[in-house]
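# Analysis of the macromolecular model
These are the residues of each chain, in order.
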Amino acid sequence: MKKALIIGGGIAGPVTAMALRQAGLEPIVCEAYDDVAGTQIGAYLTVAVNGLSALALLNAHSIVTEIGHPSGTLSFSTSSGKHITDMPIGGTLPDGTVTHSVKRRDMYRALNAEAARRGVRYEYNKRLVNATPTAQGGVSATFADGTTIEADVLIGADGIRSRTREIIDPTAPKAHFLGIYGLGGFVTDRSLHDALGLRPGVYSMIFGKKAFFGYFVAPDGEIWWFANMPRSRELSRSESENTTPAQWRDQLVALLWADRGPAARIVAATPDDTFVPGFNQYDMPTVTTWHNDNMVIVGDAAHAVASSSGQGVSMAVEDAVMLATCLRDIPDTATALAAYEDRRRERVERVVAHGAQTSGDKASNGFGRLLVRLVTPYFLKKAAKAGVAPLNWMFDYRINWGPEHLAPGQPVIDRSR
Ligand SMILES: Cc1cc2nc3c(=O)[nH]c(=O)nc-3n(C[C@H](O)[C@H](O)[C@H](O)COP(=O)(O)OP(=O)(O)OC[C@H]3O[C@@H](n4cnc5c(N)ncnc54)[C@H](O)[C@@H]3O)c2cc1C
């Protein structure tokens, strides 16, 4: 049985592990932090139907639907409270499943718990520092604690600042700061509902004058929110450690105060213990090398999709499933990794380009441009009028799990639905 060493226990890591196990390989996940990794950044994620359909191939999409909430439509408004338009986020799977929103912390925990429950071996506090090919055609990974693990293939699911990407290609591009801090939080105080006219199930995006604000009212009434605020320089570790939730709250409320709508009051009502403090947001230039003979990257390590596109998780999940089918069906590891890139690159680059287009130019002072592009009612109205159809290529993409899928001459992707 081929042994696969997976670096990273975020989203791509546990899904790759489940897919490889289902494909008959022996995966081991090595995560740099303890089991709360990934829970500190960002409040919640939207998992699109194409990602849910790829998870369904592993019998794992109920992991998301059980802990998340349906959120198939976005509602956009301006800083003056004017409704711009509503926009659907994908269609409906045959079993009725639509796009879901899920708390990031819950998603990381649930996916990793399920992979472990299915028998995947986990090593926590295990940070990859280097990896080299072995004489036997495998790979030997070295970790910060001085230990080494050997495997037939090493899969870097280690996120946007991937060490694996650097090992495969020392000249690979690095993530660059977008000029935006993200923040978020959760509010259980239901007295806000009447005061602010909030409706459960509604997922709103507000183009504030000085910050972007999104919120979702869960069916149980809890308010989930995130905000993007412009900042000229990267938040340092010490600033991050020394800024209290109250200080973040004050800064953000000051930016949102002049806007009409519920944003400032929702932020002001967020208790310290559910406040997600500010974090840097990054972008990734195109990564030209995804693999060598026995190492490969998946998820954000290979391609960071703009967070505004809501496709980062789905791309990571699709990568994981496709990689597993390649490693299952193609005995030679180097050929399998090349086939994986071949089958993924075009799709991923199209999604990345779409995300970049809808988010505007994310150059160093990109926030202003991002708002200008996004706030344009014409752009949004045009997109909404067209409905979800022009984005069918993104949401309706399906991967076949069947082995015949990779036989010579067979189509790789079933786009029939
Ligand atoms: C603010 C924000 C909002 C977003 N919203 C959405 C959304 O609504 N919908 C959506 O689909 N996507 C969204 N995304 C994108 C999504 O979060 C990512 O695409 C997704 O998390 C990628 O998963 P991953 O497993 O590739 O990387 P990650 O989730 O970053 O996981 C990488 C893991 O690798 C570990 N690691 C790193 N280095 C090492 C090492 N050297 N050794 C061992 N382990 C290591 C890390 O600790 C981490 O656990 C958003 C992103 C941000 C920043």
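Residues numbered from 1 in each chain as written. Predicted model: local features only at pLDDT ≥ 70, side-chain atom pairs only at ≥ 80, totals over all residues. Heavy atoms only, no water.

Side-chain pairs of opposite charge can arise whenever the charged atoms involved come near each other. Applying the stated criterion across every chain, the model contains 17 salt bridges. Close ionic contact of Arg 249 with Asp 272 constitutes a salt bridge, the shortest N to O distance being 2.8 Å. One end of the pair, Arg 249, is in helix α8 (residues 245-256); the other, Asp 272, is in the loop between α9 (263-268) and β17 (275-283), and 23 residues separate them in sequence. Since its relative accessible area comes to 14%, Arg 249 is described here as buried. (Salt bridge = Lys/Arg side-chain N within 4 Å of Asp/Glu carboxyl O. Helix = DSSP H or I, 4+ residues; strand = E, 2+ residues; numbered from the N terminus. Buried < 20%, exposed > 50% of the residue type's maximum accessible area, 1.4 Å probe, protein only.)

Moving on, we get to the side chain of His 61. Note that His 61 resides in helix α3 (residues 61-67). We classify His 61 as buried; its relative accessible area is 14%. Polar side-chain contacts of His 61 include one of 2.9 Å to the side chain of Asp 95. Other than its neighbours up to four places away in sequence, His 61 contacts Leu 52, Leu 55, Ala 56, Asp 95 and Thr 97. (Polar contact = N/O pair within 3.5 Å; in protein donor to acceptor, adjacent residues only side chain to side chain. Contact = heavy atoms within 4.5 Å.)

As a further point, take the site of the ligand. Neighbouring the ligand are 31 residues; Ala 12, Glu 31, Tyr 108, Asp 300 and Val 313 lie closest to it. Within the side chain of Glu 31, one N or O atom sits 2.6 Å away from an oxygen atom of the ligand. Separating an oxygen atom of the ligand from a side-chain N or O atom of Asp 300 is a distance of 2.8 Å. Within the residue set of the shell around the ligand, elements represented by two or more residues are β3 (44-47), α4 (104-117), β17 and α10 (312-329). Of the residues assigned to the shell around the ligand, the class counts are 13 nonpolar, 11 polar and seven charged. (Near = heavy atom within 4 Å. Nonpolar A, V, L, I, M, F, W, Y, C, P; charged D, E, K, R; others polar.)

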